[in-house]
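Fold and contact review
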Amino acid sequence: MNDFLANLSAESPVLWALFVVGVVAASALALSVVTGLMLRLGQAFAGLFGRHKTAERDDVVS
Amino acid sequence: MWFPNAEVTINPALLVFLGIIVGTLGGFFGVGGGFLITGGLLVFGVPPLFAVGTGLTLVMGTSLINTLKHRSLGNVDFKLGLMMAAGSVPALYGAQQLNHQLEAAGIAGPVIRVLYVFFLSVLGTFILYDHWRVQNRSNTSSRGESKDGVSADGVGADGVRVDEVSTAGLARWIQRLNIGPRSIWLPGFGKVETVVSLPVSGVERISVFVPVLLGAGVGSFAGILGAGGAFILTPLLIYVVGIPTVVAIGTGLFQVILTGSVGTFFYALSDRVDPLMAVLMLAAAAIGAQLGTSATRVVQPSQIRFLFGVIVLTGGLAVGLEEIAQVTEIDVLSTVAAVVLLGIGGAMCLGIGVLMIKAKRKTHDLTSADD
């Protein structure tokens with residue numbers, strides 16, 4: 001991969017520039033989706049544990 | 001880890017650390033963080049032109065991530081962003097031509113650094129002064145005092161609410177301005193009104209020439225300084241156009257995607273970008289961005305503005321130290337500048353985390369009290 005990166009930048013600059021912009025944009029979109037899903041998953045887990053705690057507290061009160 | 005394009009070996013943990021700082025501050029303040037990234041990469045031993053090029057590439061990526069996140073929170077005014085782009089994109093091209101002339105004259109470096117120091121210092125001082133003034137008005141109002149003519153419902157003698165920025169009167173005047181003709185003819189669109197409303201920003205009427213001229217001004221500075229330009233645009237949107245803080249942050253980031261993409265393309269064209277380094281930092285920045293953007297939902301806008309003032313002033317100090325280092329040829333000052341910038345940036349990320357936890361606890365306590 002190192003050779004590919006070094007060669008492409010030296011041989012065709014316009015293609016290389018488009019490749020860089022494209023790779024970074026695609027990575028940003030993918031990372032945005034992945035981290036968003038991770039955050040939602042975390043919130044879902046937190047909500048699940050939160051509900052358990054509330055239920056326990058309600059049991060004690062009742 | 002070996003980076004083939006920049007031809008340098010760097011510990012990836014350092015790049016991850018830098019990425020998290022940039023992502024968090026970018027999401028929180030609505031800036032690309034170009035001045036942070038370039039300074040950090042220089043300290044890690046990346047060649048200067050690669051530091052700027054790779055920095056701009058990361059600015060573009062983090063802005064894209066942060067804009068998507070802010071869009072889901074309803075913080076991006078695309079109509080306003082596109083109007084500003086009509087001014088900023090041509091201005092960017094013009095600024096790059098000016099930069100080439102400055103470079104040919106051998107004065108590009110000092111001119112850029114002096115401009116940076118001037119704008120960052122003026123902007124940072126103004127933001128902190130505005131925060132102090134608004135806090136004072138707010139305290140006076142909450143004590144029920146009639147000093148400055150502030151009434152009990154929080155409205156001052158000038159009709160400006162105390163929880164607004166101190167330039168709210170100026171912003172209303174700008175929104176009422178009539179510039180140029182009331183309508184223009186555009187090919188493909190026909191006759192188009194030049195006075196529009198911006199529902200997302202809560203602006204009832206504004207001339208399209210205001211955001212276009214604003215975009216042109218910011219695009220010029222961004223092109224000359226080699227930055228995304230959000231550190232100038234976001235405060236201008238808040239203080240001059242009167243856009244709510246969180247919408248100014250989201251819209252500023254949208255604008256940086258455009259300026260960052262153009263900058264990345266040009267630097268990549270002259271082979272001054274290391275995409276491997278940029279993508280590695282981007283992965284870390286994506287995690288920081290979630291924290292920074294989420295924090296804008298729970299932290300008070302006045303606190304965001306205060307912290308923004310501090311980081312802008314720190315940026316000015318760091319660039320000032322860099323300029324002194326160049327003039328006096330004392331290399332250690334360059335290292336001090338970057339360490340100060342990264343240190344304050346890291347501390348601010350921790351501060352944002354603490355503010356978020358405090359705000360969440362407060363909300364939780366209120367919910368528990370209601371139950």
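Scroll up to find the structure.
Overview of the structure. (Residues numbered from 1 in each chain as written. Chains lettered and ligands numbered in written order. Predicted model: local features only at pLDDT ≥ 70, side-chain atom pairs only at ≥ 80, totals over all residues. Heavy atoms only, no water.)

Residue and element names in this part refer to chain B. With 27 residues, helix H4 (residues 78-104) extends 38 Å from end C-alpha to end C-alpha; this agrees with the ideal 39 Å at 1.5 Å per step. Of all bends in H4, the biggest is about 35°, found at alanine 85. For H4, the N-terminal cap is aspartate 77; the gap from its side-chain oxygen to the backbone nitrogen of lysine 79 is 3.3 Å. Positioned one or two residues after H4, glycine 106 has a phi angle of 75°, which is positive. (Helix = DSSP H or I, 4+ residues; strand = E, 2+ residues; numbered from the N terminus. Expected span 1.5 Å × (residues − 1). Bend = angle between axes of the 7 residues up to and from the residue. Polar contact = N/O pair within 3.5 Å; in protein donor to acceptor, adjacent residues only side chain to side chain.)

With that out of the way, let us pick up the interface of chain B and chain A. Facing 27 residues of chain B, the contacting portion of chain A comprises 24 residues. Carbon and sulfur atoms make up 77% of the surface buried where chain B meets chain A, a total of about 2100 Å² over both sides. Inspection of the chain B/chain A interface yields 0 salt bridges. The interface formed by chain B and chain A includes 2 residue pairs in polar contact (both at pLDDT 80 or more). When contributions to the side of chain B that touches chain A are tallied by element, the ones reaching two or more residues are helix H3 (48-72), helix H9 (245-269) and helix H10 (275-298) of chain B. Ranked by the residues each element gives to the side of chain B that touches chain A, the list is headed by H10 of chain B, at 10 residues. (Contact = heavy atoms within 4.5 Å. Buried area = accessible area lost by both parts, 1.4 Å probe. Salt bridge = Lys/Arg side-chain N within 4 Å of Asp/Glu carboxyl O.)

Here we come to a nonpolar patch on the surface. A cluster of nonpolar side chains, Val14 and Leu18 of chain A together with Phe266 and Leu269 of chain B, forms an exposed patch at the surface whose accessible area comes to about 330 Å². Elements supplying a minimum of two residues to the nonpolar patch: helix H2 (13-61) of chain A together with H9 of chain B. By secondary structure assignment, the location of valine 14 of chain A is in helix H2. Given the relative accessible area of 49%, valine 14 of chain A is considered partly exposed. (Patch = residues over 30% accessible without salt bridge, like charges linked within 9 Å, V, L, I, M, F, W, Y side chains within 5 Å. Areas by Shrake-Rupley, 256 points an atom, 1.4 Å probe, with all protein chains shown as cover. Buried < 20%, exposed > 50% of the residue type's maximum accessible area, 1.4 Å probe, protein only.)

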